Amino acid sequence: MCLAEQSARDAALAELAALDPTRLDPAGLMGQISDLATFISQAQAQLARLSAALDAGGGAAEGGHTSTAAFLRTRCGLTAGHAAEVIATGRRLRGLTATEKALDAGEISFDQAHILARTVAGLDADQAGPAEQLLLDNAPGLDTSQFRRLAAEVSYRADPDAADERERKRWERRHLSFGLTLDDTGLLHGACGDTASFEILRTAAEAFAPPGGTADTRTAAQRRLAGLVAACKIALDSGRAPQR
């Protein structure tokens, strides 16, 4: 129970801080993590709802901010992309009662709600309802990548011509750039133009550098880079690369 001077947020954080992961078996720890992830999604939904309300009323200007997105960036520490995503999702969810209820109940994640809301927003009014229900029915059994592919399929079936144009634009944005800093740190920056290329790169990066157990101190991002380098090295050592 919360004390009079203790907020619900403080009480929840105190309870989480008191949780000793060393006293839980893997199943118990995964259960706690799953519950926490659901709670975070529910909290993100409230952040989106409140941010959209602030944006609709132009209230951020009263605090000296040029926009709600600027407030989220400067006061809340969100990146520009995340701030825009939160506001846009909050706006779109106001017209999606079933999705709001599923998100509040912890039946879908905030990422899934964001994908669903963006997909439905691009459909005609007579297609939006059935599409929303189809995505909600299938969301619990899919991870975010699978759910994104299903949403893309729903969007394509609703309007193949528009979907083809979006796919063409994504393909045109593909690129890979290499850079070198003054201290000889190599930099990579790029974007895949299609999900197939993305999945190939991700699969290779993860397959050639799996976690090495408790002695492996690398982060997941460090392992992926090592895996991608290993996959490229194997391809080059095979002797099948074209001569330059």
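Preceding this section is the structure that the text describes.
Residues numbered from 1 in each chain as written. Predicted model: local features only at pLDDT ≥ 70, side-chain atom pairs only at ≥ 80, totals over all residues. Heavy atoms only, no water.

As enumerated under the stated definition, the model contains six salt bridges in all. Among the salt bridges present, the one from Arg-157 reaches Glu-153, with a minimum N-O distance of 2.5 Å. With Arg-157 and Glu-153 both in helix α8 (residues 144-158) and four residues apart, this pair spans about one turn of that helix. For Glu-153, a relative accessible area of 37% corresponds to the partly exposed category. Through salt bridges with shared partners, one network takes in Arg-149, Glu-199 and Arg-202. (Salt bridge = Lys/Arg side-chain N within 4 Å of Asp/Glu carboxyl O. Helix = DSSP H or I, 4+ residues; strand = E, 2+ residues; numbered from the N terminus. Buried < 20%, exposed > 50% of the residue type's maximum accessible area, 1.4 Å probe, protein only.)

This brings us to the pairing of strand β1 (residues 175-180). Burial runs low along β1: only zero of the six residues are buried. Where β1 and strand β2 (residues 186-191) come together, six bridges link them in antiparallel fashion. Residue pairing across strands places Phe-178 opposite Leu-188, the latter belonging to β2. What sits between β1 and β2 in their antiparallel hairpin is a turn of five residues, with Asp-184 showing a positive phi close to 65 degrees. (Pairing = 2+ DSSP bridges.)

Core analysis: the biggest nonpolar cluster contains 29 residues, and Leu-72, Leu-103, Ile-108, Leu-116, Leu-135 and Phe-147 have the highest contact counts within it. Residue assignment for this core shows that the elements contributing at least two residues are α2 (26-57), α3 (68-74), α4 (80-93), α5 (97-104), α6 (110-121), α7 (125-138) and α8. (Core = buried A, V, L, I, M, F, W, Y, C linked by side-chain atoms within 4.5 Å.)

Below, the discussion takes up unusual backbone geometry. One non-glycine residue with positive phi stands out, namely Asp-184, at about 65 degrees. Among the secondary structure elements, Asp-184 is positioned in the loop between β1 and β2. Using a relative accessible area of 60% as the deciding quantity, one classes Asp-184 as exposed.

Moving on, we get to the environment of Met-30. Position of Met-30 relative to the elements: it lies in helix α2. Along the chain, Met-30 and Ala-45 lie 15 residues apart, while their C-alpha atoms are 23 Å from each other.

Here the focus is α8. With 15 residues, α8 should reach 21 Å at 1.5 Å per residue; the first-to-last C-alpha distance of 21 Å fits that figure. Here α8 has its buried residues at Ser-145, Phe-147, Leu-150, Ala-151, Val-154 and Ser-155. Between the side-chain oxygen at the start of α8 and the backbone nitrogen of Ser-145 there is a gap of 3.2 Å, and the oxygen is on Asp-143. (Expected span 1.5 Å × (residues − 1). Polar contact = N/O pair within 3.5 Å; in protein donor to acceptor, adjacent residues only side chain to side chain.)

We now examine helix α11 (residues 220-237). Taking 1.5 Å as the rise per residue, α11 with 18 residues should run 26 Å; its terminal C-alpha atoms sit 25 Å apart, in good agreement. Along α11, the positions that sit buried rather than exposed are Arg-223, Gly-227 and Ala-231. Angular distribution of buried residues about the axis of α11 spans 75 degrees; they occupy a single face of the element. Exposed residues lying more than 90 degrees from the buried face of α11 are Val-229, Lys-233, Leu-236 and Asp-237. (Arc of directions from axis to C-beta.)

This part takes up the environment of Asp-35. You can see Asp-35 is positioned in helix α2. For the pair Asp-35 and Asp-161, spaced 126 residues apart in sequence, the C-alpha separation works out to 41 Å.

The next point concerns a negative patch on the surface. Taken together, the side chains of Asp-124, Asp-126, Asp-159, Asp-161, Asp-164 and Glu-167 make up a negatively charged region of the molecular surface. Mapped onto the secondary structure, Asp-161 falls in helix α9 (residues 160-172). (Patch = residues over 30% accessible without salt bridge, like charges linked within 9 Å, V, L, I, M, F, W, Y side chains within 5 Å. Areas by Shrake-Rupley, 256 points an atom, 1.4 Å probe, with all protein chains shown as cover. Lys, Arg positive; Asp, Glu negative; His and termini not counted. Charge placed at Lys NZ, Arg CZ, Asp CG, Glu CD.)

Relative to the elements of secondary structure, Ser-51 occurs in helix α2. Of the residues examined, Ser-51 reaches a relative accessible area of 5% and is grouped as buried. Separated by 2.7 Å, the side chain of Ser-51 and the backbone oxygen of Leu-47 make a polar contact. Ser-51 has contacts with Thr-68, Leu-72, Val-86 and Ile-87, leaving out every residue within four places of it along the chain. (Contact = heavy atoms within 4.5 Å.)

In this approach the atoms are scanned with a rolling probe the size of a water molecule, which exposes any empty space left behind. Of the volumes computed, that of the largest pocket is approximately 970 Å³. In this structure, the largest pocket is lined by 25 residues; those nearest its centre are Arg-118, Arg-148, Ala-152, Arg-170 and Thr-195. For the lining of the largest pocket, the secondary structure elements donating two or more residues are α6, α8, α9 and α10 (195-207). Take the lining of the largest pocket: its biggest share by element is eight residues, from α8. Among the residues forming the lining of the largest pocket, the class breakdown is eight nonpolar, six polar and 11 charged. In this structure, the second largest pocket occupies an estimated 680 Å³ of space. Lining the second largest pocket are 22 residues, with Leu-176, Leu-188, Cys-192, Leu-201 and Leu-228 sitting closest to its centre. Listed by contribution, the elements that provide at least two residues to the lining of the second largest pocket are β1, β2, α10 and α11. In terms of residue class, the lining of the second largest pocket is made up of 13 nonpolar, five polar and four charged. (1 Å grid on protein atoms, 1.4 Å probe; cavity = no way out; pocket = protein on both sides within 12 Å on 5 of 7 lines; lining within 4 Å. Points joined across faces, edges and corners; volume = space filled by probe spheres on them. Nonpolar A, V, L, I, M, F, W, Y, C, P; charged D, E, K, R; others polar.)

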